[in-house]
Amino acid sequence: MGFRFDLLLLVTTLVLLSTITPTVLSDLILSKVDRRIDLTSQIVRVTSTLKVENAGPDPVSEVLLTFPEIQAKDLAYLTATLNEGKGKVKNPGSNLLINVAKPEELPPSLIFHSVSLPKALGEGDSLTIDVFAVFTHALRPFPEEITQADIQLVLFQDTAHYLSPYAVKVQSLTVKLPKARIETYTKLENTNIHGSDIKYGPYENLPPFSYAPIAVHFETNQPFAVAQELVREIEISHWGNVQVTEHYSVVHQGAKSKGEFSRLDFQARPHLRGASALRNLVAKLPPRAHSIYYRDEIGNISTSNVWGDPKKTELLIEPRYPLFGGWRTTFTIGYGLPLQDFLFGLEGKRYLNFSFGSPINDLVTDNLIVKVVLPEGSNDISISTPFPVKQGQETKISHLDVAGRPVAVLEKTNVVPEHNQYFQVFYRFNKLSMLREPFMLISGFFILFVSCIVYMHVDMSISKSSASYLAKLQWDEVRATIQQVGSIISQCLSKHERLEASLHDLSRTGDVQACKTARKTADSLFKEYSKELKPLLSFLQSSPQATQILPKVEELVAKEKELQERLIAKHSTIVDCYEKKIGGRELENRVASHQQKVIALKQEVEDLLDYIEEI
């Protein structure tokens, strides 16, 4: 029941003020006050026309505007302009200066704003001022939670009497509501309803700080779209483009949804089952916007449409799901703009002229951050805004940057569509700096091509006269020699197999002469292999690179030589036994010693051959 507490606080404050009548403020009189409150959207807009008279002898150069503290915290926008009468503003482009004031002997529960007059108001003089105030979060859902089938009801609280430190002769109030039913409203004297308008007054001869609390409880199914944070990044490229990227975090701050959500009911009867749901948003972009996109964390969202004319470009944004009260969504929109439409020159400087607020209609922004990314090398940066904002600077590193790009940062809270005014960012930029990135690209490709040419034409091998190169050559020769030795040994082993095969043929056919011929052939081949091994062994013995491997090679040759001798002896013994008709156990006894030695030597030769082949 927070609204009851706020109303009680407002009443208590005004009761305390009724006992205070500062004489310093009594010279001015509000002879007529006409106040209009627009409640047709979530943003409350209050227009007050004040006819001010100076009833004192001293000239007055300022007029005080008063807001309760609980209402002032929701004040987003405030302007004051002179009015000539008949509804014509004297100079629409020139607002009166407004500053926060702190009059003495008044409680801090009231917030005062001082409107500076263009010239002092003399005794008996009068003028008319139009005051325009915009409030956010002033409409409170009541009840705070509703189901999908319920309508949304909100509560608005204010005072029927114009709160002012000055006496008011005549005043009236009109509260404009959306075209929907009114649950309840405060009924005072002279209260009338005309269609969707509630009119209070006129009331006459009201003392300073007069009050009459009112509350209006009514139906509104307008979605309360609030951007809790909006980050707009405007990146300038002097090559002809302004890229705008906007990151939104949106929540529906209407009556919170309770219970289950039925997609079927929503699609079948959207105006009954989800009347207050946020279905879409409309962003009004500059007329020549191009390369428009709309996406979220998942990716591109295709439920959007763009149409335009020479005056504007409209982007219809549909979230992936309807937003009910309390539901949230985040998304990003981006678009490009022609540079010549927004960048201009003045007195040796360049300046960006761009709109400040969000392009989305009727969106309240709790915290807005605008980042203007200037080209690298920009300096002497200054910012001009039509209203106070928090300013700062940072640096952004992007592609082909060396020191980074300067970024002008503007930050403001409680932003409404009325803040969507143009601001300017001034800076100096040397035209030669535009050649930096093309020069970097050209230089990079030039260095790459030159490096390729040098690499293809320069001999990167080690010098042939160096000790390491000579050692490598010698080792390669040693390896080649060892491979030749291994190849010859392998051939010898192959001949050993053939001799063994001739003995098997002898036992099968008994052809002694064929067996002798095979032994004679093998013996001659062994002699040739021995001749081939001699120069190879001599080279290895003379090479310092073969010092470690030489003993193994020599052992291999020796073992193979011994294997030849044993094999020839075995062969001769078997042939002699066949010629003398000796067989059986005696043949086996004569051959046994040779056979055992042959098997052992063959194994040793094969092991040594595997060792040198690994090298």
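Keep in mind that this is a model prediction, so the values were computed, not measured. (Residues numbered from 1 in each chain as written. Predicted model: local features only at pLDDT ≥ 70, side-chain atom pairs only at ≥ 80, totals over all residues. Heavy atoms only, no water.)

### Overview of the overall build of the protein chain
And step 1. Helix and strand counts for the protein chain come out as eight helices and 31 strands.
And step 2. Against the 2.2 N^0.38 benchmark of 25 Å for 615 residues, the protein chain shows a C-alpha radius of gyration of 51 Å, more extended than a compact globule.
And step 3. Residues classed as buried in the protein chain amount to 45% of the 615 residues present.
And step 4. The long-range fraction of contacts in the protein chain, counting pairs at least 24 apart against all pairs at least 6 apart in sequence, stands at 76%.
And step 5. Here the protein chain has roughly 32600 Å² of accessible surface; of this, 53% comes from carbon and sulfur atoms.
And step 6. The protein chain carries 66 positive and 71 negative side-chain charges, and their two centres are separated by 4 Å. (Helix = DSSP H or I, 4+ residues; strand = E, 2+ residues; numbered from the N terminus. Rg over C-alpha atoms; globule rule 2.2 N^0.38 Å. Buried < 20%, exposed > 50% of the residue type's maximum accessible area, 1.4 Å probe, protein only. Contact = heavy atoms within 4.5 Å. Areas by Shrake-Rupley, 256 points an atom, 1.4 Å probe, with all protein chains shown as cover. Lys, Arg positive; Asp, Glu negative; His and termini not counted. Charge placed at Lys NZ, Arg CZ, Asp CG, Glu CD.)

### Side note on the nonpolar core
And step 1. If you look at the biggest cluster of nonpolar residues, it comprises 55 residues, and the most contacted ones within it are Leu-39, Val-44, Val-52 and Ile-129.
And step 2. What Val-44 contacts, discounting residues up to four positions off in sequence, is Ile-37, Asp-38, Leu-39, Ala-133, Val-134, Phe-135, Ala-138, Leu-139 and Phe-156.
And step 3. Ranked by size, the runner-up nonpolar core spans 46 residues in total, among them Ala-227, Leu-278, Leu-285 and Phe-429. (Core = buried A, V, L, I, M, F, W, Y, C linked by side-chain atoms within 4.5 Å.)

### Examining empty space enclosed by the protein
And step 1. All told, the structure shown has three cavities of 30 Å³ or more when counted by the stated rule.
And step 2. Volume-wise, the second largest cavity comes out at about 50 Å³.
And step 3. Of the residues belonging to the lining of the second largest cavity, the class tally is three nonpolar, six polar and one charged.
And step 4. When residues of the lining of the second largest cavity are assigned to domains, at least three fall in each of domain 1 (28-219) and domain 2 (225-429). (1 Å grid on protein atoms, 1.4 Å probe; cavity = no way out; pocket = protein on both sides within 12 Å on 5 of 7 lines; lining within 4 Å. Points joined across faces, edges and corners; volume = space filled by probe spheres on them. Nonpolar A, V, L, I, M, F, W, Y, C, P; charged D, E, K, R; others polar. Domains from an automatic or database assignment.)

### Focus: the UniProt feature "transmembrane region" (unreviewed entry) in the protein chain
And step 1. Taken from the UniProt record, the annotation "transmembrane region" (unreviewed entry) applies to residues 439-458.
And step 2. When the span residues 439-458 is considered, its composition is 95% helix and 0% strand, and the gap between its end C-alpha atoms is 28 Å. (UniProt positions renumbered as here; feature names shortened; annotations may be inferred.)

### A look at helix α7 (residues 550-579)
Given 3.6 residues per turn, any residue in an α-helix points the same way as the ones three and four places further on.
And step 1. Between its terminal C-alpha atoms α7 stretches 44 Å, which fits the 44 Å expected from 30 residues at 1.5 Å a residue.
And step 2. Residue Lys-581 follows α7 closely and has a positive phi angle near 65°. (Expected span 1.5 Å × (residues − 1).)

### Observations concerning the state of the cysteines
And step 1. Taken as a whole and judged by the stated rule, the model has zero disulfides.
And step 2. Free cysteine: Cys-515, not disulfide-bonded; nearest cysteine sulfur from Cys-577 at 12 Å. (Disulfide = S-S within 2.5 Å.)

### Observations concerning the sheet that holds strand β9 (residues 140-141)
And step 1. The sheet built from four strands is open, its strands ordered β9-β11-β16-β13 with antiparallel pairing. The open sheet has two edge strands, β9 and β13 (182-185), and neither has a second partner.
And step 2. Pairing between β13 and strand β16 (residues 213-219): three bridges, direction antiparallel. Along β16, the bridge assignment pairs Tyr-185 with Val-216. (Pairing = 2+ DSSP bridges.)

### Notes on the domain arrangement of the protein chain
And step 1. Here the protein chain is partitioned into domain 1 (28-219), domain 2 (225-429) and domain 3 (468-614).
And step 2. Placing a centre on the C-alpha atoms of domain 1 and another on those of domain 2 gives a separation of 31 Å.
And step 3. Of the residues lining the interface, 21 residues belong to domain 1; the matching set on domain 2 comes to 28 residues.
And step 4. With both chains or domains summed, domain 1 and domain 2 bury close to 2000 Å², and 51% of this area falls on carbon and sulfur atoms.
And step 5. On the domain 1 side of the contact with domain 2, Gln-42, Tyr-77 and Gln-148 bury the most area, a combined 32% of that side's loss.
And step 6. Here domain 1 and domain 2 share one salt bridge between them.
And step 7. For Arg-45, the salt bridge is made with Glu-418, and the minimal N-O distance between the two is 2.6 Å.
And step 8. The interface formed by domain 1 and domain 2 contains 13 residue pairs in polar contact (both at pLDDT 80 or more). (Buried area = accessible area lost by both parts, 1.4 Å probe. Salt bridge = Lys/Arg side-chain N within 4 Å of Asp/Glu carboxyl O. Polar contact = N/O pair within 3.5 Å; in protein donor to acceptor, adjacent residues only side chain to side chain.)

### Some words on a nonpolar patch on the surface
And step 1. A contiguous nonpolar surface patch, about 440 Å² in accessible area, is contributed by Phe-446, Ile-447, Val-450, Val-454 and Val-458.
And step 2. Its place among the elements puts Val-458 in the loop between α4 (436-457) and α5 (467-509).
And step 3. Relative accessible area serves as the criterion here: at 40%, Val-458 is assigned to the partly exposed category. (Patch = residues over 30% accessible without salt bridge, like charges linked within 9 Å, V, L, I, M, F, W, Y side chains within 5 Å.)

### Examining the pattern of salt bridges
And step 1. This model, assessed by the stated rule, comprises 22 salt bridges.
And step 2. The partner of Arg-36 in a salt bridge is Asp-34, and the shortest N-O contact between them spans 2.9 Å.
And step 3. Exposure remark for Arg-36: the relative accessible area of 31% places this residue in the partly exposed category.
And step 4. Judged by its relative accessible area of 26%, Asp-34 falls in the partly exposed class.
And step 5. Lys-559 serves as the salt-bridge partner of Glu-604, at 3.0 Å between the closest nitrogen and oxygen. Of this pair, Glu-604 sits in helix α8 (residues 584-614) while Lys-559 is found in helix α7, placing the two residues 45 residues apart along the sequence.
And step 6. The structure contains a network of salt bridges with shared partners spanning Glu-233, Glu-235, Lys-396 and Arg-405.

### What to know about the environment of His-594
And step 1. Structurally, His-594 is set in helix α8.
And step 2. For the pair His-594 and Ala-138, spaced 456 residues apart in the sequence, the C-alpha separation amounts to 116 Å.
And step 3. If near-sequence neighbours (up to four positions away) are discounted, His-594 is found in contact with Arg-566, Ala-569, Lys-570 and Thr-573.

### Comments concerning the sheet that holds strand β25 (residues 343-346)
And step 1. Strands sit in the order β25-β26-β31-β28 across an open sheet of four strands; the sheet is antiparallel. Here the strands that pair on one side only, and so sit at the sheet edges, are β25 and β28 (379-384). With direction set aside, neighbouring strand axes in the sheet form an average angle of 25°.
And step 2. Alignment of β25 against strand β26 (residues 349-355), held across four bridges, turns out to be antiparallel. Residue pairing in the sheet places Gly-345 in a bridge with Arg-350 of β26. (Axes fitted to C-alpha atoms, helices over the stretch in contact; angles between N-to-C directions.)

### Some thoughts on the packing of α5 against helix α6 (residues 512-542)
And step 1. Where α5 meets α6, the closest approach of the two axes is 10 Å, and the angle between their N-to-C directions is 170°. One way to sum up the angle between α5 and α6 is to call them roughly antiparallel.
And step 2. Within the contact of α5 with α6, the residues separate by chemical class into 20 nonpolar, five polar and four charged. (Parallel < 35°, antiparallel > 145°, perpendicular 65-115°, else oblique.)

### Quick notes on a negative patch on the surface
And step 1. A surface patch of negative charge is lined by Glu-606, Asp-607, Asp-610, Glu-613 and Glu-614.
And step 2. Relative to the assigned elements, Glu-613 resides in helix α8.
And step 3. For Glu-613, a relative accessible area of 51% corresponds to the exposed category.

### Concerning α6
And step 1. With 31 residues, α6 should reach 45 Å at 1.5 Å per residue; the first-to-last C-alpha distance of 46 Å fits that figure.
And step 2. Taken together, the buried positions of α6 are occupied by Val-512, Cys-515, Ala-522, Leu-525, Phe-526, Tyr-529, Leu-533, Leu-536, Leu-537 and Leu-540.
And step 3. Where α6 is buried, its residues touch α5 and α7.

### Thoughts on the packing of aromatic side chains
And step 1. What the rule picks out here adds up to 14 aromatic pairs.
And step 2. Every member of this aromatic cluster is reached through a ring pair, and the members are Phe-261, Tyr-321, Phe-324 and Trp-327. (Phe/Tyr/Trp six-rings, centres within 6.5 Å; stacked < 30°, edge-to-face > 60°.)

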